[in-house]
Amino acid sequence: MENWITDIIEQFGYIGIFIMIALENVFPPIPSEVILTFGGMMTTFSDLTITGVIIAATSGSIVGAVILYKIGNLLDVERLEKIVDRWGSILRVKREDIYKADRWFDKYGYWTVLLCRMVPLIRSLISIPAGMSRMKFPIFLLYTTIGTLIWNIILVSVGAAFGESWEKIVHFMDIYSNVFYVLIALTFITFIIIFIRKRKRV
């Protein structure tokens, strides 16, 4: 996949970066770390500039985030209620659980969107619950843009600084991503265990 990504960027420049980052947001397995650091490296010997790469990447990220936000809109609370009414006994989920999650996101959602933009995998998927909770779209765009901009500036700048050694950064980011994947998995497992225990006490 890495060779495919770099070929696209070399051939299409800013447009390639825009498309790849937009796809990365909709399809998280595409590594933004490769796109951004390689784009930064390209600024050291091509017509691409750091500012241009950051703008292209941020624009692509926003487009991808909006797509997932709109998908989240389709999965609103009312639809989830219907799913719970039908399958809740099997899933061991009640309407109250949906309302609690929705209230939590209403309270902390904005900061969650901002901070999660710098967390691998979650940085893309966070747009779906934002859409589900009907987060105000202008504010969603604002926090998404800020978080994405920080992530892009860091990786593009580092890629430019390391030049031809940009792959060292990708290796480091792989470790960073794997740490978060483990933490996410442990958190999910812990949540499931607590959830099951609570259900057994009822």
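Residues numbered from 1 in each chain as written. Predicted model: local features only at pLDDT ≥ 70, side-chain atom pairs only at ≥ 80, totals over all residues. Heavy atoms only, no water.

Colleague: Could you clarify how one ought to interpret the overall build of the chain in this entry?
Modeller: The helix and strand tally for the chain stands at nine helices and zero strands. Starting at the N terminus, the α and β elements of the chain follow one another as α-α-α-α-α-α-α-α-α. Going through the 202 residues of the chain one by one, you find that 42% of them count as buried. Counted over contacts in the chain with a minimum sequence separation of 6, partners at least 24 positions apart contribute 76%. When the accessible surface of the chain is summed, it comes to about 11600 Å², and 68% of that surface belongs to carbon and sulfur atoms. (Helix = DSSP H or I, 4+ residues; strand = E, 2+ residues; numbered from the N terminus. Buried < 20%, exposed > 50% of the residue type's maximum accessible area, 1.4 Å probe, protein only. Contact = heavy atoms within 4.5 Å. Areas by Shrake-Rupley, 256 points an atom, 1.4 Å probe, with all protein chains shown as cover.)

Colleague: Could you clarify how one ought to interpret the packing of helix H3 (residues 50-74) against helix H8 (residues 137-162) in this entry?
Modeller: Two measures define how a pair of helices packs: the angle their axes make with one another and the distance between the axes. Taken N-terminus to C-terminus, the directions of H3 and H8 make an angle of 140°; their axes are 9 Å apart at the nearest point. In terms of orientation, H3 and H8 fall into the oblique class. Every pair of crossing elements has a handedness; the one defined by H3 and H8 is right-handed. Here Ile50, Val53, Ile54, Ala57, Thr58, Ser61, Ile62, Ala65, Val66 and Tyr69 of H3 lie close against H8, whose contacting residues are Phe137, Phe140, Leu141, Thr144, Thr145, Thr148, Leu149, Asn152, Ile153, Val156, Ser157 and Ala160. The residue inventory of the contact of H3 with H8, partitioned by class, reads 15 nonpolar, seven polar and no charged. (Axes fitted to C-alpha atoms, helices over the stretch in contact; angles between N-to-C directions. Parallel < 35°, antiparallel > 145°, perpendicular 65-115°, else oblique. Left-handed = near helix turned anticlockwise from the far one by under 90°. Nonpolar A, V, L, I, M, F, W, Y, C, P; charged D, E, K, R; others polar.)

Colleague: Would you take a moment to explain the nonpolar core for this structure?
Modeller: For soluble globular proteins, the rule of thumb is that nonpolar side chains tend to be buried together. In terms of nonpolar packing, the biggest core is built from 21 residues, with Ile5, Ile9, Ile17, Met20, Ile21, Ile35 and Leu36 touching the most fellow members. Breaking this core down by element, the ones donating at least two residues are helix H1 (2-26), helix H2 (32-42), H3 and H8. In contact with Ile35, not counting residues within four places along its chain, are Ile5, Ile9, Ile17, Met20, Ile21, Glu24 and Ile30. Among the nonpolar cores identified, the runner-up in size contains 10 residues, and Val113, Ile126, Ala130 and Phe140 belong to it. (Core = buried A, V, L, I, M, F, W, Y, C linked by side-chain atoms within 4.5 Å.)

Colleague: Explain the packing of H2 against H8 here, please?
Modeller: It is the contact of H2 with H8, at a shortest axis distance of 6 Å, that shows an interaxial angle of 50°. Comparing the axis directions of H2 and H8 gives the class oblique. Seen from above, H2 lies across H8 with right-handed handedness. Contact residues: H2 offers Ser32, Glu33, Leu36, Thr37, Gly40 and Met41, while H8 offers Trp151, Asn152, Leu155, Val156, Gly159 and Ala160. For the contact of H2 with H8, a count of residues per class yields six nonpolar, five polar and one charged.

Colleague: Would you explain the packing of aromatic side chains in this entry?
Modeller: Where two aromatic rings form a pair, the distance of their centres and the angle of their planes describe that pair. Counted by the stated rule, this structure contains four aromatic pairs. Ring centres of Phe137 and Phe140 lie 6.3 Å apart, and the angle between their planes is 25°; on these two criteria the pair is classed as stacked. With Phe137 and Phe140 both in helix H8 and three residues apart, the pair spans about one turn of that helix. Accessibility expressed as a relative area gives 28% for Phe137, which makes it partly exposed. (Phe/Tyr/Trp six-rings, centres within 6.5 Å; stacked < 30°, edge-to-face > 60°.)

Colleague: Quick question: what am I supposed to make of the side chain of Ser61 here?
Modeller: Summarising the element assignment, Ser61 is placed in helix H3. For Ser61, a relative accessible area of 1% gives the class buried. What Ser61 contacts, discounting residues up to four positions off in sequence, is Ile21, Asn25, Arg123 and Thr148.

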